[in-house]
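# Geometric and topological summary
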Amino acid sequence: MKSNIVSVGKDSVDVLLGFGSNLGDRRRFIESGWLSVCGLEGVEPICLSSLIETVAVGCGENQPDFLNAVGLIRTNLYPEILLDKLQAIEYSFGRVRTIRWCARTLDIDILLFGDFVIDSPRLKIPHPLMFERDFVLIPAKEIASEMIKTAEKKFKFAIRNSDF
Ligand code: AMP
């Protein structure tokens, strides 16, 4: 898979992850998902934000509400390797990929990966929708306000999300 990494950080970088769940025991899925991430080789956990509850949008009617949280880790894993591991965790919690943004037991997105900018077929970083979503920004500012402030200045108006 070819990545277009246009800026490269240090060996180990701070990475912000978005967690979401709107099926089953949502709190347990998010907290256990976070613990699974903490147990990955090459990952040093820093902290998990509070949980935030929001109405599901963009999925039609009668979708259960979402619980979301944001986690901060430090890692030396290559971004697409981290994505592989996060997707394996999603599947281990019974995630079935159906319609995008709709009902799911556990969704884990890479929001920021240090100051990397990645635009590959599999991975877009910064996450193209992160600056539009209060359920991302509110918990992200709780645990990583400087990182978000810097990213907003750099990326908010620069990233394209039309093809995401
Ligand atoms: P979702 O339904 O939100 O889980 O979308 C997952 C798809 O988005 C996967 O196929 C990923 O390859 C892709 N993707 C692109 N950028 C990202 C990102 N920053 N974090 C997680 N998944 C991403």
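Preceding this section is the structure that the text describes.
This section reports on the structure supplied with the text. Predicted model, so just to flag it, every value in this text is computed and none were measured.

### Notes on the nonpolar core
- Of all hydrophobic cores here, the largest spans 34 residues; its most connected members are Leu16, Leu17, Ile110 and Leu111.
- Elements with a contribution of two residues or more to this core: β1 (13-21), α1 (26-38), β4 (66-75), α2 (79-92), β5 (107-113) and α3 (134-155).
- Ignoring any residue separated from it by four or fewer positions in sequence, one finds isoleucine 110 in contact with Val15, Leu17, Pro79, Leu82, Leu83, Ile125 and His127.

### Some details on α1
- Here α1 contains 13 residues, and its C-alpha end-to-end distance of 18 Å stays within 8% of the 18 Å for a straight helix at 1.5 Å per residue.
- Inspection of α1 places Arg26, Phe29, Ile30, Gly33, Trp34 and Val37 among the buried residues, and these make up the whole buried set. In a view along the axis of α1, the buried residues occupy a sector of 130°, so they form one face of it.
- The elements touched by buried residues of α1 are β1, β2 (43-48), β4, α2 and β5.

### As for the pairing of β4
- The buried fraction of β4 is high, at nine of ten residues.
- Here β1 runs beside β4; their pairing, made up of nine bridges, is antiparallel. Bridging across to β4, glycine 18 finds its partner in valine 70.
- Where strand β3 (residues 52-54) meets β4, three bridges bridge the pair, whose relative direction is antiparallel. Within β4, the residue paired with threonine 54 across the bridge is phenylalanine 66.

### Some thoughts on the site of the ligand
- In the vicinity of the ligand there are ten residues, among which Asp109, Ile110, Arg122, Lys124 and His127 approach most closely.
- Of all the secondary-structure elements, those providing two or more residues to the shell around the ligand are β5 and β7 (124-125).
- The leading source of residues in the shell around the ligand is β5, at three residues.
- Of the residues assigned to the shell around the ligand, the class counts are four nonpolar, one polar and five charged.

Rules used in this analysis
All residue numbers refer to position in the chain's written sequence, counted from 1. Local features in a predicted model are, by the rule used here, given only for residues with pLDDT of at least 70; side-chain atom pairs are given and counted only at 80 or more, and totals for whole chains, interfaces and linings are based on all residues. Think of a nonpolar core as buried Ala, Val, Leu, Ile, Met, Phe, Trp, Tyr and Cys residues chained together by C-beta atoms that fall within 7 Å. Exposure classes come from backbone-placed C-beta atoms, where a residue is buried if 20 or more other C-beta atoms lie within 10 Å of its own, exposed if 12 or fewer do, and partly exposed in between. To qualify as a helix, a DSSP run of H or I must reach at least 4 residues; to qualify as a strand, a run of E must reach at least 2; elements of each kind are numbered from the N terminus. Any two residues are considered in contact once their C-beta atoms, placed from the backbone, lie within 7 Å. Multiplying 1.5 Å by the helix residue count minus one yields the expected span of that helix. Of all possible arcs, the one meant is that of the directions from the helix axis to the C-beta atoms. Criterion used throughout: strands pair if DSSP finds at least two bridges between them. For each residue, a C-beta position is placed from the backbone atoms; the residue is near a molecule or strand when that point lies within 6 Å of it. Just so you know the grouping, Ala, Val, Leu, Ile, Met, Phe, Trp, Tyr, Cys and Pro go in nonpolar, Asp, Glu, Lys and Arg go in charged, and all remaining residues, Gly too, go in polar.

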